[in-house]
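Observations on the three-dimensional arrangement
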Amino acid sequence: MFTKLESIKKKYEELQQKLYSPEVSSNIEETIKISKELNSLEEVYNLYIKWKQAENEIKEAKELLEEDDDEETRQIAKEQLQQAQKDKEELEAKLKIALLPKDPNDDKNIYMEIRPAAGGDESALFAEEMMRAYMRYAENKWWKVSIEELQNNDIGWIKFVMLKIAGDKVYSKLKYESGVHRVQRIPKTESQWRVHTSTITVAVMPEVDEVVDYPIDEKDIEIDFYAASSAGWQHANRNKTWVRLHHKPTWVIVSVSDSRSQLQNKEKAYNVLKARLLQIEQEKQAEQERQKRLYQVWTGDRSEKIRTYNFPQDRVTDHRIKKSYSNISAIMDGEIDQIINDLSVEDQAQLMQESMQN
């Protein structure tokens, strides 16, 4: 492990020097590329530097204990030794986690699709409430949220919504939200106070990298333009600004009408299509990987029921880690950090176990 850490330290310091060199500082693309690479190594580098400091403090404390007979000095050295050994152990544990394989999409922005599933109007209402919860969560993180596509049903509730969320390591947090979310509560329209069960689906897709673009053959695309004038579409007008792309090999269809500009909607539609095709490819790979793993916290499988929101019992249960949380009103207001952190920790623990087995 420490051979690897030394190589990371060397690479990080070389990249730092390279970043501030005249030939790189004058090249924006190269500056961005090196900055991203530095950012990916920064956590491990900083932990390793602190580990080396603790190692040096242990060495100094031991030397003082061997060479100095002054009781007060020896007491100070003992305390320094105990603290440094504790720091070293904690840093080693953090380093082991930091060195685990990283999801290459963790730093990316996302597209999030939310759709009602079983439960009719109650499902549509819950989809709207979950959209609000995710938007509040993103706002608390100082992320940028935009509604890329929105369709409403006849009574004004969500039929389908697609959000784009941009910020620092968005995918690393929200990737665990993909799947089926189940709600159990008494609908407002229920006269006999019976608890109903409804579901929605959430799909989280990483935005395709602008540099490493996802290849699309134009021969596979059927493109149509419509006037965004039907109920539920934003910026209704008579111009054909609504863009629909049909990827014939996969039957994936993307519709975007967010902007008044046909060109902007076309560009957004292509970006969403690329993200969806990338997600399909990653789901295939995840399924293959799942056959090798005994357990996996996040699979990205949309058919998997991942969480239940039980309003009468004020309880939210994540079925992947078999853990429940109270204060459902706060969770529906976007306070989901604890759930996401617990999922991340469990994922890291499983990766650690696999690493030790291998």
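The structure we're discussing is the one just above.
What this report covers is the structure whose coordinates are included nearby. (Residues numbered from 1 in each chain as written. Predicted model: local features only at pLDDT ≥ 70, side-chain atom pairs only at ≥ 80, totals over all residues. Heavy atoms only, no water.)

Our next topic: the overall build of the protein chain. Within the protein chain, the secondary structure is distributed over nine helices and 11 strands. Out of the 358 residues in the protein chain, the part that is buried amounts to 41%. In the protein chain, once contacts between residues fewer than 6 apart in sequence are set aside, the share between residues at least 24 apart is 60%. Carbon and sulfur atoms make up 48% of the accessible area of the protein chain, which totals about 20,600 Å². (Helix = DSSP H or I, 4+ residues; strand = E, 2+ residues; numbered from the N terminus. Buried < 20%, exposed > 50% of the residue type's maximum accessible area, 1.4 Å probe, protein only. Contact = heavy atoms within 4.5 Å. Areas by Shrake-Rupley, 256 points an atom, 1.4 Å probe, with all protein chains shown as cover.)

Aromatic ring pairs: the centre-centre distance and the angle between the two ring planes describe each pair. This structure, assessed with the given rule, holds four aromatic pairs. Relative to Tyr 45, the ring of Tyr 12 lies with its centre 4.0 Å away and its plane at 20 degrees, an arrangement referred to as stacked. Of this pair, Tyr 12 sits in helix α1 (residues 2–19) while Tyr 45 is found in helix α3 (residues 28–67), placing the two residues 33 residues apart along the sequence. The burial state of Tyr 12 is the same as that of Tyr 45; both residues are buried. With centroids separated by 6.0 Å and ring planes inclined at 15 degrees, the aromatic side chains of Tyr 48 and Trp 51 adopt a geometry described as stacked. Taken together, the residues span about one helical turn, with Tyr 48 and Trp 51 both in helix α3 at a distance of three residues. The burial state of Tyr 48 is the same as that of Trp 51; both residues are buried. Of note, Arg 185 hangs over the ring of Phe 311, and the distance from its end group to the ring centre comes to 4.9 Å. (Phe/Tyr/Trp six-rings, centres within 6.5 Å; stacked < 30°, edge-to-face > 60°. Lys NZ or Arg CZ within 6 Å of the ring centre and 35° of its normal.)

Below, the discussion takes up the side chain of Arg 307. Inspection of the secondary structure assignment puts Arg 307 in strand β9 (residues 305–310). A residue is classified by how much of its surface remains accessible, and Arg 307, at 1% relative accessible area, is buried. Only 2.7 Å separates the side chain of Arg 307 from the side chain of Glu 177, close enough to count as a polar contact. Among the polar contacts listed, one links the side chain of Arg 307 to the side chain of Asp 318, at a separation of 3.1 Å. Excluding its chain neighbours within four sequence positions, the residues that come into contact with Arg 307 are Tyr 176, Glu 177, Val 180, His 181, Arg 182, Val 316, Thr 317, Asp 318, His 319, Arg 320, Ile 339 and Leu 343. (Polar contact = N/O pair within 3.5 Å; in protein donor to acceptor, adjacent residues only side chain to side chain.)

Its identity as a non-glycine residue notwithstanding, Trp 142 has a phi of 65 degrees, on the positive side. One non-glycine residue, Lys 322, lies in the positive phi region at around 50 degrees. Position of Lys 322 relative to the elements: it lies in the loop between β10 (315–318) and β11 (323–325). A relative accessible area of 71% means that Lys 322 is categorised as exposed.

Spatial ordering of the open sheet is given by β6-β7-β8, a layout of three strands whose pairing is antiparallel. Each having just a single partner strand, β6 (221–226) and β8 (252–256) make up the two edges of the open sheet. Going across the sheet, the axis of each strand differs from the next one's by a mean of 15 degrees, ignoring polarity. Sheet topology note: the β6/strand β7 (residues 242–247) ladder contains six bridges and is antiparallel. By the bridge assignment, Ile 221 is partnered in β7 with His 247. (Pairing = 2+ DSSP bridges. Axes fitted to C-alpha atoms, helices over the stretch in contact; angles between N-to-C directions.)

So, on to α1. Here α1 spans 25 Å end to end across 18 residues, near enough to the 26 Å set by a 1.5 Å rise per residue. Among all positions in α1, only Leu 5, Ile 8, Lys 9, Tyr 12, Leu 15 and Leu 19 are buried. Projected down its long axis, α1 shows its buried positions confined to an angular sector of 135 degrees, all on one face. For α1, the exposed residues set more than 90 degrees away from the buried face come down to Thr 3, Lys 10 and Gln 17. (Expected span 1.5 Å × (residues − 1). Arc of directions from axis to C-beta.)

With that out of the way, let us pick up a nonpolar patch on the surface. Together, Ile 186, Trp 193 and Val 195 make up an exposed nonpolar region whose accessible area comes to about 340 Å². Residue position: Ile 186 is located in the loop between β4 (179–185) and β5 (196–206). On the basis of relative accessibility, which here comes to 32%, the residue Ile 186 falls in the partly exposed class. (Patch = residues over 30% accessible without salt bridge, like charges linked within 9 Å, V, L, I, M, F, W, Y side chains within 5 Å. Salt bridge = Lys/Arg side-chain N within 4 Å of Asp/Glu carboxyl O.)

Close contact between α1 and α3 brings their axes to 8 Å; oriented N to C, the two are set at 135 degrees. By the criterion of interaxial angle, the relationship of α1 to α3 is oblique. Our pair here, α1 against α3, has a crossing hand that is left-handed. Of the residues that constitute the contact of α1 with α3, the class distribution is 14 nonpolar, three polar and nine charged. (Parallel < 35°, antiparallel > 145°, perpendicular 65-115°, else oblique. Left-handed = near helix turned anticlockwise from the far one by under 90°. Nonpolar A, V, L, I, M, F, W, Y, C, P; charged D, E, K, R; others polar.)

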